[in-house]
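The residues making up each chain are set out below.
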Amino acid sequence: MLDNLPQHAIALHQSMTTDMAADGLPAKLITLVNQQGMSVTLMDIGATWLSCCVPITVNQQPALREVLLGVSTLNNFYQQQAYLGATVGRYANRIAAGQFSLDGQNYQLSTNQNGNCLHGGDNGFNHRRWQMQQLNATEVQFSLVSADGDMGFPGNLRVVVTYTLLETNELTIRYSAETDKPTVVNLTNHGYFNLLGADGDNDCLSHQLTINADHYLPTDQYGIPLGNWNTVEATSFDFRQPKMINQDWLADNDQQQAHGYDHSFILRSDVRRATTVCATVTVADDSLTMDVLTTKPAIQLYTGNFLAGCPNRVGGEYANYSGLALETQFLPDSPNHPEWYDNNPVLRPNQHYHHLTSYRFR
């Protein structure tokens, strides 16, 4: 099976399966390769996106560039706390004090960051072993059952995440979920990107970024929403026109208390159908561009403000700002903000959670 894969993928398959997972068994990996030469490697632990090698042209010569931050051993995967490339849930981002009410019932969730529930609690989906099934040469499906009461969340939840690599050098991630009891669900992928190369030698602050959002969500020092949305107009959060990430770097209190960007943007309604780009990242030399498309109503920009010390895949460590995450999602703490009607994370029996996010490289 490995014989048909690119050499970099073979090496990753071998190094990631040397250590045993928490259940005493090795991880299972799969690499998808399209006809353009783009390759994507995925792992059943955390339904994790481990590697993304994109074909580029350097000095008029074809080359492959690794653009996704990651590790090369399973021990390092467990060691890092940055959720590198993992599927996070049940609820991506934060829920204040790990508490919410639904249909008159109060729920207390696992709290794992400053007294809040982050990315599903201290044993979220990012460290679980998912069931992996290859559908065809360019598509793989991961499934997981989360029991009623898991990390405090109600309902038996069945989740399916499907990765599809297209010939347009686009990775599409489809999320679906069903429950037998009213619950809240917010799934996303926590990939970090550096389009200059993800070996840790470059930061992401010189990347040019566009986000099709007129409003952002101010938060307190712990990332909990303060209440109302703010217009991006005349703020450092205005990415409606392409600008370098460091152009308005640490220009206001919102950024300073987060040590950079770690904020949600409310996407314009016309870019929530995954047919129009909601965000675009381009490197300074124009060698590579990434478009993001989604059906989710918001996107979290995180500039890797606390990546220092996180192991990388070449035996070293990442520094702060080594990569940026663009996490498509419902807004943080949405279960406690019913007034955000188009960010409703409640899933009920006989309803289906269906969302899609694509990362297109060109």
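The protein chain is annotated in an unreviewed UniProt entry as Aldose 1-epimerase of Photobacterium andalusiense. Per UniProt, the protein chain carries the Pathway (unreviewed entry) text "Carbohydrate metabolism; hexose metabolism."

Asks: What exactly am I supposed to notice about the nonpolar core here?
Replies: Generally speaking, a soluble globular protein has its nonpolar side chains buried in company with each other. Counting residues in hydrophobic clusters, the biggest one holds 71 residues, and the most contacted among them are Trp 49, Ile 211, Phe 265, Leu 326 and Phe 361. Per-element accounting of this core gives the leading share, five residues, to strand 12 (residues 157-166). In this structure Phe 361 touches Met 38, Cys 52, Val 54, Val 67, Thr 168, Asn 169, Phe 193, Leu 195, Leu 288, Thr 289 and Met 290, once residues within four positions along its chain are discounted.

Asks: What am I meant to see in the sheet that holds strand 19 (residues 230-231) here?
Replies: Backbone-to-backbone hydrogen bonds join strands into a sheet, with any given pair of strands oriented parallel or antiparallel. Within the open sheet, the six strands sit side by side as 16-25-24-21-18-19. Their pairing is antiparallel. Strand pairing shows two members of the sheet lacking a second neighbour, strand 16 (192-193) and strand 19, which therefore form its edges.

Asks: Sorry if this is basic, but what is going on with the UniProt feature "active site" (unreviewed entry) in the protein chain here?
Replies: Feature annotation in UniProt places "active site" (unreviewed entry) on His 190 and Glu 327, given in this structure's numbering. With the annotated positions falling across 138 residues, the maximum pairwise C-alpha distance of 6.2 Å places them together in a single cluster. If you trace the backbone, His 190 turns up in the loop between strand 15 (188-189) and strand 16. Apart from residues no more than four positions distant in its own chain, His 190 is found in contact with Ala 82, Tyr 83, Leu 84, Gly 85, Ala 86, Val 88, His 119, Tyr 302, Ala 325 and Glu 327. Reaching out from His 190, the side chain makes a polar contact with the side chain of His 119 at a distance of 3.4 Å. Following the sequence through the fold, Glu 327 ends up in strand 25 (residues 324-329). Since its relative accessible area comes to 3%, Glu 327 is described here as buried. The contact partners of Glu 327, leaving out residues within four places of it in the chain, are His 119, Thr 188, Asn 189, His 190, Ala 298, Ile 299, Gln 300 and Tyr 302.

Asks: Could you clarify how one ought to interpret the sheet that holds strand 2 (residues 39-43) in this entry?
Replies: Read across the open sheet, the four strands follow the order 1-2-3-4; overall the sheet is antiparallel. Looking at the sheet topology across the chains shown, the edges are occupied by strand 1 (29-33) and strand 4 (61-66). Each neighbouring strand pair of the sheet contributes to a mean axis angle of 15 degrees, computed without reference to strand direction. In this sheet, strand 4 lies alongside strand 3 (residues 48-58) in antiparallel orientation, the contact comprising six bridges. Note on strand 4: the bridge partner recorded for Val 58 is Gln 61. Where helix 1 (residues 7-16) meets the sheet, its contacts fall on strand 1, strand 2, strand 3 and strand 4, and the angle it forms with strand 1 comes to roughly 170 degrees.

Asks: Any chance you could explain the packing of aromatic side chains here in plain terms?
Replies: The description of an aromatic ring pair uses the distance of the two centres, along with the angle that the planes make with each other. Evaluated as defined, the whole model comprises 16 aromatic pairs. Centre to centre, the rings of Phe 142 and Tyr 163 are 5.8 Å apart; their planes meet at 85 degrees, and the pair counts as edge-to-face. Of the two residues, Phe 142 is situated in strand 11 (residues 139-146) and Tyr 163 in strand 12; the sequence distance between them amounts to 21 residues. Residue Tyr 163 is classed as buried on the basis of its relative accessible area of 0%. Ring geometry for Phe 239 and Tyr 261: centres 5.3 Å apart, planes at 70 degrees, overall edge-to-face. Highlighted residues: Phe 239 in the loop between strand 19 and strand 20 (243-244) and Tyr 261 in the loop between helix 3 (253-256) and strand 21 (262-267), separated in sequence by 22 residues.

Asks: Would you take a moment to explain the UniProt feature "binding site: beta-D-galactose" (unreviewed entry) in the protein chain for this structure?
Replies: Listed under "binding site: beta-D-galactose" (unreviewed entry) in the UniProt record, and renumbered for this structure, are Asn 93, Arg 94, His 190, Gly 191, Tyr 192 and Asp 262. As for its placement among the helices and strands, Asn 93 is situated in the loop between strand 5 (87-88) and strand 6 (94-95). With sequence-adjacent residues up to four places away left out, Asn 93 is seen in contact with Cys 117, Leu 118, His 119, Ser 264, Gln 300, Gln 329 and Pro 332. Within the structure, Asn 93 has its side chain in polar contact with the side chain of Gln 300 (distance 3.0 Å). Its place among the elements puts Arg 94 in strand 6. Excluding residues within four positions of it along the chain, Arg 94 makes contact with Gln 113, Cys 117, Leu 118, Tyr 222, Gly 223, Ile 224, Asp 262, Gln 300, Pro 332 and Asp 333. Separated by 3.1 Å, the side chains of Arg 94 and Asn 93 make a polar contact.

Asks: Looking at this structure, I do not really get the pattern of salt bridges. What am I missing?
Replies: Between side chains of opposite charge, pairing is possible as soon as their charged atoms come close. Under the criterion given, the structure shown has 15 salt bridges. One salt bridge in this structure joins Arg 240 and Glu 233, with 2.8 Å as the shortest N-O distance. We classify Arg 240 as partly exposed; its relative accessible area is 24%. The class of Glu 233 is partly exposed, set by a relative accessible area of 48%. Of the charged contacts, one joins Arg 268 and Asp 270 as a salt bridge, the two residues approaching to 3.5 Å between their closest N and O atoms. Here Asp 270 falls in the partly exposed class, since its relative accessible area comes to 35%.

Asks: Looking at this structure, I do not really get the pairing of strand 17 (residues 208-211). What am I missing?
Replies: Regular strands show a simple pattern: their side chains alternate between the two faces of the sheet. Examined bridge by bridge, strand 17 and strand 20 share two bridges and lie antiparallel to one another. From the neighbouring strand, Leu 209 faces strand 20, where its bridge partner is Lys 243. With four bridges connecting them, strand 17 and strand 22 (residues 279-282) associate as antiparallel partners. Its bridge partner lying in strand 22, Thr 210 is registered against Thr 280.

Asks: Just checking my understanding: could you explain helix 1 for this structure?
Replies: An α-helical segment advances 3.6 residues per turn. Residues three or four places apart therefore align on the same side. Within helix 1 the residues assigned to the buried category are Ala 9, Ile 10, Leu 12, His 13 and Met 16. For helix 1, the buried positions fall inside an angular range of 165 degrees around the axis, keeping them on one side. Turning to helix 1, the residues buried within the fold contact strand 1, strand 2, strand 3 and helix 2 (74-79).

Calculation notes
- Residues numbered from 1 in each chain as written.
- Predicted model: local features only at pLDDT ≥ 70, side-chain atom pairs only at ≥ 80, totals over all residues.
- Heavy atoms only, no water.
- UniProt positions renumbered as here; feature names shortened; annotations may be inferred.
- Core = buried A, V, L, I, M, F, W, Y, C linked by side-chain atoms within 4.5 Å.
- Buried < 20%, exposed > 50% of the residue type's maximum accessible area, 1.4 Å probe, protein only.
- Helix = DSSP H or I, 4+ residues; strand = E, 2+ residues; numbered from the N terminus.
- Contact = heavy atoms within 4.5 Å.
- Pairing = 2+ DSSP bridges.
- Polar contact = N/O pair within 3.5 Å; in protein donor to acceptor, adjacent residues only side chain to side chain.
- Axes fitted to C-alpha atoms, helices over the stretch in contact; angles between N-to-C directions.
- Phe/Tyr/Trp six-rings, centres within 6.5 Å; stacked < 30°, edge-to-face > 60°.
- Salt bridge = Lys/Arg side-chain N within 4 Å of Asp/Glu carboxyl O.
- Arc of directions from axis to C-beta.

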